[in-house]
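Inside the fold
Single-letter residue listing:
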Amino acid sequence: MYLNTHTYYSFRYGTLNTKDLLEELQRAGVKCFALTDINGTPAAINFVRLASKYGVKPVLGIDFRNGADQLFIGIAKNNEGFKELNDYLSHYLHSGEKIPESAPDFKKAYVVYPFSKYSGWKLKKLEYVGVRPTDLPRLIYPPHQLDKQKLVLLQTATFRSKVDESSLERVALKKDFNAHRLLRAVDNNTLLSMLPKSEEGSVSDFIYPLDELLSIYQNHTYMVDNTQELLESCSIHFDFDGEHLNKNLSAFGKDANEDLATLERLCEEGLPYRYKNPTEDILKRIKMELDVIKQQGFMSYFLINWDICQYARNKGYFYVGRGSGANSVVAYLLRITDVDPIELDLYFERFINLYRQNPPDFDIDFSWKDREDITEYIFNRYPNVALLATYSTFQFKAVVRELGKVLGIPPHEIDHIQRAPYKDLDDLHKLVLRYGKYIEGFPNHLSIHAGGILISEKPIHYYTATDLPPKGFPTTHFDMVIAEDVGLYKFDILSQRGLGKIKDSLIEIERNHPNDPKIDIHDIANLKKDEKIKAMLREGKAIGCFYVESPAMRMLLKKLRVEEYLGLVAASSVIRPGVAKSGMMRQYILRFREPDRRNEAHPILRDIMPETYGVMVYQEDVIKVAHYFAGLTLGEADVLRRGMSGKYRSREEFQKVRDKYFRNCVKKGHTFELAAEVWRQIESFAGYAFAKGHSASYAVESYQSLYLKAYYPLEYMVATMNNGGGFYRMELYAHEAFMHGADIQAPCVNQSEYLCTIYGKTIYLGIAFIGDLEKSTAEEILKERYANGVFMSFDNFLKRVSISLDQLSLLIKIGGFRFTGQSKKALLWEAHFQLGNHKKTNPVRMLFDPEVKRFELPELSYDLLEDAFDQQDLLGFPLCNPFDLLKAEPPRNVLVREMATYKNQTVRMIGYLVHIKNTTTSNGKRMQFGTWIDREGLFIDTTHFPPVAAQYPFRGKGIYELVGKLVEEFDFLSLEMTAMRKLPYIHDPRYAEEPRHAQMGVEPT
């Protein structure tokens, strides 16, 4: 009886999730209803999936509106009708145009106009007028004396309801309606008191029990019959299981047979490149994989990924194929991945097994500069393509702030609400918290998945309407979980900056070392043997290198003394938060370093995971343990692994497998304590650990970046800075280049490019690095310089470049005109004189430059450290040693190179802050880890336990005196802090009345 129902996927309007809506209507006695969210279909597929569990026949539709103004409701007769509605809605979502007030002539979808909007026009065959209970008294008046066959009941279901105790009338649940009004105010960015009624739903839009609803229409049974007939004529079906679950593009070529032949040919062609002398085992593995791929019908999936990678190679793009796809030798032969699964003994069943209905998972990383072109290629190359959506949800702190705003609460009071004890708040403030908690987790709006792309056999609108966000590519209304439910599996086309660093490094190396042999960065076999790389890994000297530069990774590499590829593969997964949380990272380190401890592992676990000494390190280990330790089938074990990721944790299938795990452990004779401990380890890390192939893929990229850093550190640091840095601030990469012998120069209008560039060992920072300098200014300077040569003088620059005084001042202060030999202060005088009251310079081409009148300036004081303070302001860091800026350096401080001498002693060190990691202890108290460099540029690592973290907080960027005990764990030295204070810098010499150092005196003229 319900033709118009809303979930909270009617963004900032509805208040019920899909399950709640089904439960409410089930309780109301409803056996069939239409889900019609406003201008969207995010809940549609999941609604159809869940409906049968509630004894409901699902019908799908869309509530078409301009803003909150309801135009008509479209209800799909069948799947073709749903596509028709999605086609229509998507046109307007893409174009941004208003939806017309009258519907088109749908062939497979009904249209229901609200009674209040109908003015007597002739209705088409599939069009009806919906009558609300409040409309019934008006039916007797013209033009509403309609053909009774065209009237249906239209009780909108947006809110839950209850019977009011005083009036005994059914009313909307106050909490739902109030939340709805607050959401509408947030959507309209207005005070709740100023929210127009036209922007709200009606307070009567609630769910009636079916018998009550029918009693309202008891004098209009024809409407009930018409509504019933309409719903009964509708049928929607999606396949959520069975052999036809995979809805991706079924054939890359003409058909499956051609695809198999193509795949076999490509494997044959790729074999000599990957294996010069393939063994019988390799050939058997290839055949086995091809047989499984054929049996599962995944040929097109492999070929599409191959095609994308081939396009990238032809364009000279770097990429990394990772994820569980690296477990496949076929993927290796097709050059989708660079990981040899034979060498690593990768578990193919983690990637594809006969129990797995969904296609394998390839994640392909491209440079952040190249991904857009790859995405465009996919959209142009294949039919039925869309980006995958995610839902941006209301987070508690953000929603409290939003609710505070719409209720007119001042910002400082909103801050107070979030900090103060609940009992100390007034009623309005408590109201904000109550509704903030209620709305927390509601979907706020659609967003775009990090890299998911769907390539469907059927048109995408068969499943969903699409938006057209600023990226310019159609985007679904559902997320990856719902997509997988209906059999649409994403292609992950991701981006990262590490690949940009590798590509740009090779360009810089070729330019700066034109006579050096060409580098084959894909010769991973030789990189694995390189002694320089091994030494860098052992010592954790990998700043700037992909995935191995963070303080935690640097610490782990030193503790493990990793120098082999397999060790790095394991470290890449051990460092993940889940392994650390489970306590197994420490166990792994102990067993790695002390072989006798390997016997501490349970014999079954040690036999399952000999390579990692019985410690679960990779995602595959979940499958192995579940299969061999608990006796689950491979299919059940994979459900368990997926459930641990959080996507399916609440689903029934996951709960069933969890229960079976414990039942099987009992049958196998494991004690409950052992089964529970193994389960704890699985649960604590499975959602965070990498697949082994994924770690191996990351390790390959790490080796490539380590090679470039080992042999061409300056060029590699330039590429790192030009790709936005990495884990650390830009300053550290400039520092790292300096530590490798670079001469770091501030931007110069004659020598710098837009980004950093290197000449020999001199690195000029890019003009774009100057804070507040407009991009247009930088481009104007470079355009003029490229066209007409370098600038001969300051006057010459002003005559050739159109620039404002404030932009010119930035260039002067950073030292961009130091080639002139004039002081910055003199140039600033000159700039003010020449520009005067003009907004900008006005370049004029002249045959001869007229002489500019000169003024004799008085002697101007100059302090060398003025440059450092200008650089701090404009670059974010000084180019000198920051320790030179200290007012006074405490005596008797220990340097990093002296640390080993003072083990287990309390010492004083001086450190320049590089990075802070905040974390919490098991009892919720804050503790911190600090990363610093000493005067000589070497790293100090500090641990701040909760009492010290509370008493001695960090006070921003700068240099600190660090007091603590030097401790050693697995040969890694760090400082356990007992006290800390920030040290003052000298007074800014730019504003001092006299030079800081008399001997620096006056800058020569």
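Residues numbered from 1 in each chain as written. Predicted model: local features only at pLDDT ≥ 70, side-chain atom pairs only at ≥ 80, totals over all residues. Heavy atoms only, no water.

**Observations concerning the sheet that holds strand β2 (residues 32-35)**
Going by this rule: Paired strands, as defined in this entry, are two strands with at least two bridges between them according to DSSP. Numbered from the N terminus, helices here are DSSP runs of H or I no shorter than four residues, and strands are runs of E no shorter than two. Only the contacting stretch of a helix is used when fitting its axis, a line to C-alpha atoms as for every element, and angles between N-to-C directions run 0 to 180 degrees. The contact definition used throughout considers only heavy atoms, calling two residues in contact when any of these lie within 4.5 Å.
The seven strands lie next to each other as β1-β2-β3-β4-β5-β6-β7, forming an open sheet whose pairing is mixed. The sheet is open, and its two borders are formed by β1 (2-5) and β7 (151-153), each paired with just one other strand. Adjacent strand axes in the sheet meet at a mean angle of 35° when their direction is disregarded. For strand β6 (residues 127-131) and β7, the ladder comprises three bridges, and the chain directions are parallel. Paired with Val131 across the strands is Leu153, a residue of β7. Strand contacts of helix α1 (residues 18-27): β1 and β2, with the helix running at about 150° to β2, the strand carrying the most contacts. Helix-sheet contacts for helix α6 (residues 221-232) involve β1, β2, β3 (57-66), β4 (69-76), β5 (109-114), β6 and β7, and the interaxial angle to β7 is about 85°.

**Some thoughts on the nonpolar core**
Note that soluble globular proteins tend to have their nonpolar side chains buried in a common cluster. The condition that has to hold: Buried Ala, Val, Leu, Ile, Met, Phe, Trp, Tyr and Cys residues form a nonpolar core when they are joined through side-chain atoms within 4.5 Å. Exposure categories follow from relative accessible area, calculated using a 1.4 Å probe and restricted to protein chains: below 20% of the type maximum is buried, above 50% is exposed, and the middle band is partly exposed.
Judged by nonpolar contacts, the single largest core of 104 residues is most densely connected at Phe797 and Leu808. Sorting elements by how many residues they give to this core places helix α29 (residues 692-711) first, with eight residues. Formed by 100 residues, the second largest nonpolar core is a distinct cluster that contains Leu25, Ala51, Ile62 and Val224.

**Remarks on the sheet that holds strand β17 (residues 762-764)**
Pairing is mixed in the open sheet, where three strands are placed in the order β15-β17-β16. Of all the strands in the sheet, just β15 (743-745) and β16 (757-759) have a single pairing partner and so form its edges. Strand-to-strand twist in this sheet, taken as the mean axis angle between neighbours without regard to direction, amounts to 25°. In terms of strand pairing, β15 meets β17 through three bridges, oriented parallel. Bridging across to β17, Ile744 finds its partner in Ile763.

**Quick look at the pairing of β5**
Most of β5 sits inside the fold, with six of its six residues counted as buried. A two-sided burial pattern is seen for β5, the buried positions comprising Ala109, Val111 and Tyr113 on one face and Tyr110, Val112 and Pro114 on the other. Relative to β5, β4 runs antiparallel, the two being bridged by four bridges. Within β5, the position partnered with Ile73 by the bridge is Val112. Of the strand pairs in this sheet, β5 and β6 are connected by four bridges, and their pairing is parallel.

**Concerning the packing of aromatic side chains**
Let me state the cut-off plainly: Within 6.5 Å between ring centres, the rings of Phe, Tyr and Trp (the latter by its six-membered ring) count as paired, and their orientation is classed by plane angle as stacked under 30 degrees, edge-to-face over 60, tilted in between. Cation placement over rings: the criterion is NZ of Lys or CZ of Arg within 6 Å of the ring centroid and within 35° of the ring normal.
Counting across every chain of the model gives 51 aromatic pairs. Each ring, one from Phe252 and one from Trp306, has its centre 6.3 Å from the other, and the planes form 75°; the classification is edge-to-face. Pair noted here: Phe252 is in the loop between α6 and α7 (256-274) and Trp306 is in helix α9 (residues 299-314), with a separation of 54 residues, a long-range link. The exposure classification of Phe252 matches that of Trp306, with both residues buried. A network of ring pairs unites the aromatic residues Phe64, Phe72, Tyr88, Tyr92, Phe106, Tyr113, Tyr118 and Trp121 as a single cluster. Lying across the ring of Tyr382, Arg381 places its NZ or CZ 4.7 Å from the centre.

**Notes on the packing of helix α34 (residues 805-813) against helix α35 (residues 824-835)**
The cut-off we apply is this: Angular relationships are summarised with four words: roughly parallel below 35 degrees, roughly antiparallel beyond 145, roughly perpendicular across 65 to 115, and oblique for the angles in between. Helix crossings get a hand from a simple test, with the near helix turned counterclockwise from the far one by less than a right angle marking a left-handed crossing and a clockwise turn marking a right-handed one. Gly falls in the polar group here, along with every residue not listed as nonpolar (Ala, Val, Leu, Ile, Met, Phe, Trp, Tyr, Cys, Pro) or charged (Asp, Glu, Lys, Arg).
Viewed as axis vectors pointing N to C, α34 and α35 meet at an angle of 165°, and their least axial separation amounts to 10 Å. Taken as axis vectors, α34 and α35 run roughly antiparallel relative to one another. The chirality of how α34 crosses α35 is right-handed. Between α34 and α35, the residues in contact are Leu805, Leu808, Ser809, Ile812 and Lys813 and Lys824, Leu827, Leu828, Ala831, His832 and Leu835, respectively. Looking at the contact of α34 with α35, its residues break down into seven nonpolar, two polar and two charged.

**Things to note about the pattern of salt bridges**
Rules: Salt bridges, as used here, are contacts in which a Lys or Arg side-chain nitrogen is within 4 Å of a carboxyl oxygen on Asp or Glu.
A complete count under the given rule lists 64 salt bridges for this structure. Across the pair Lys471 and Glu372 runs a salt bridge whose closest N-O atoms are separated by 4.0 Å. Of this pair, Lys471 sits in the loop between β13 (443-455) and α16 (480-485) while Glu372 sits in helix α12 (residues 371-381), and the two are 99 residues apart along the sequence. Among the residues examined, Lys471 registers a relative accessible area of 36% and is labelled partly exposed. Since its relative accessible area comes to 38%, Glu372 is described here as partly exposed. Measuring nitrogen to oxygen at the nearest pair gives 3.9 Å for the salt bridge that ties Glu402 to Lys405. With Glu402 and Lys405 both in helix α13 (residues 396-406), this residue pair falls three residues apart, about one helical turn. On the accessibility criterion, Lys405 (43% relative accessible area) is partly exposed.

**Here we look at the side chain of Lys247**
Inclusion rule: His residues and chain termini do not enter the charge count, which takes Lys and Arg as positive and Asp and Glu as negative. For the purposes of these results, a polar contact is taken to be a pair of N or O atoms within 3.5 Å, where, inside protein, one atom must be able to donate a hydrogen and its partner to accept one; residues adjacent in sequence count only when each atom of the pair is a side-chain atom.
Here Lys247 is to be found in the loop between α6 and α7. For the buried Lys247, no salt bridge exists, and the shortest N-O distance to an oppositely charged side chain is 4.0 Å, to Asp239. Within the local environment of Lys247, its side chain forms a polar contact with the backbone oxygen of Asp239, the two atoms lying 3.3 Å apart. Residue contacts for Lys247: discarding those within four places in its chain leaves Asp239, Ser456, Glu457, Tyr463, Val486, Gly487 and Leu488.

**Looking at the pairing of β4**
Counting buried positions over the eight residues of β4 gives seven, a clear majority of the element. Connecting the antiparallel pair β3 and β4 is a turn made up of two residues, with Gly67 showing a positive phi of about 65°.

**Things to note about α9**
The test is simple: By this rule, a helix spans an expected 1.5 Å times one less than how many residues it contains.
For α9, which comprises 16 residues, the first-to-last C-alpha distance of 22 Å matches the rise-based estimate of 22 Å (1.5 Å per residue) to within 8%. Counting buried positions along α9 yields 13 of 16 residues, so the element is predominantly enclosed. Just downstream of α9, Gly316 is the residue with a positive phi angle, here 80°.

**Some remarks on the environment of Ile767**
As for its position among the elements, Ile767 is in the loop between β17 and α32 (775-788). On the basis of relative accessibility, which here comes to 1%, the residue Ile767 falls in the buried class. In this structure the C-alpha to C-alpha distance between Ile767 and Ala778, which are eleven residues apart in sequence, comes to 6.2 Å. Those residues in contact with Ile767 that lie beyond four places of it in its chain are Pro747, Cys748, Ser752, Glu753, Tyr754, Leu773, Ala778, Ile781 and Leu782.

**Quick word on the environment of Lys197**
Assignment of secondary structure puts Lys197 in the loop between α4 (174-188) and α5 (210-216). Given the relative accessible area of 62%, Lys197 is considered exposed. The spatial distance from the C-alpha of Lys197 to the C-alpha of Val400 is 23 Å, given a sequence separation of 203 residues.

**Quick notes on the state of the cysteines**
The following threshold applies: Cysteine sulfur atoms are paired as a disulfide whenever they come within 2.5 Å of each other.
This structure, assessed with the given rule, holds zero disulfides. Lacking any disulfide linkage, Cys32 is separated from the closest cysteine sulfur, that of Cys234, by 7.4 Å. Using a relative accessible area of 13% as the deciding quantity, one classes Cys32 as buried. For the unlinked cysteine Cys309, the closest cysteine sulfur is that of Cys267, found at 14 Å. In this structure Cys309 comes out as buried when scored by relative accessible area, which is 0%.

**Remarks on the confidence of the model for the chain**
Put simply, the rule reads: Every residue gets a pLDDT, meaning the predictor's confidence in that residue, from 0 to 100.
On average, residues of the chain score 89 in pLDDT, and 92% of them reach the 70 mark or higher. Note that residues 997-1005 has pLDDT below 50 and, in this model, eleven contacts with residues that lie over four places away or in other chains.

**A short note on a nonpolar patch on the surface**
The condition is simple: Each patch is built from residues lacking any salt bridge and having more than 30% relative accessible area; the joining distance is 9 Å for like charges and 5 Å for nonpolar side chains (Val, Leu, Ile, Met, Phe, Trp, Tyr). Method for areas: the Shrake-Rupley scheme with a 1.4 Å probe, in which residue coverage is limited to the protein chains shown.
A contiguous nonpolar surface patch, about 270 Å² in accessible area, is contributed by Phe738, Met739 and Leu938. By the secondary structure assignment, Phe738 is in helix α31 (residues 730-739). Judged by its relative accessible area of 53%, Phe738 is exposed.

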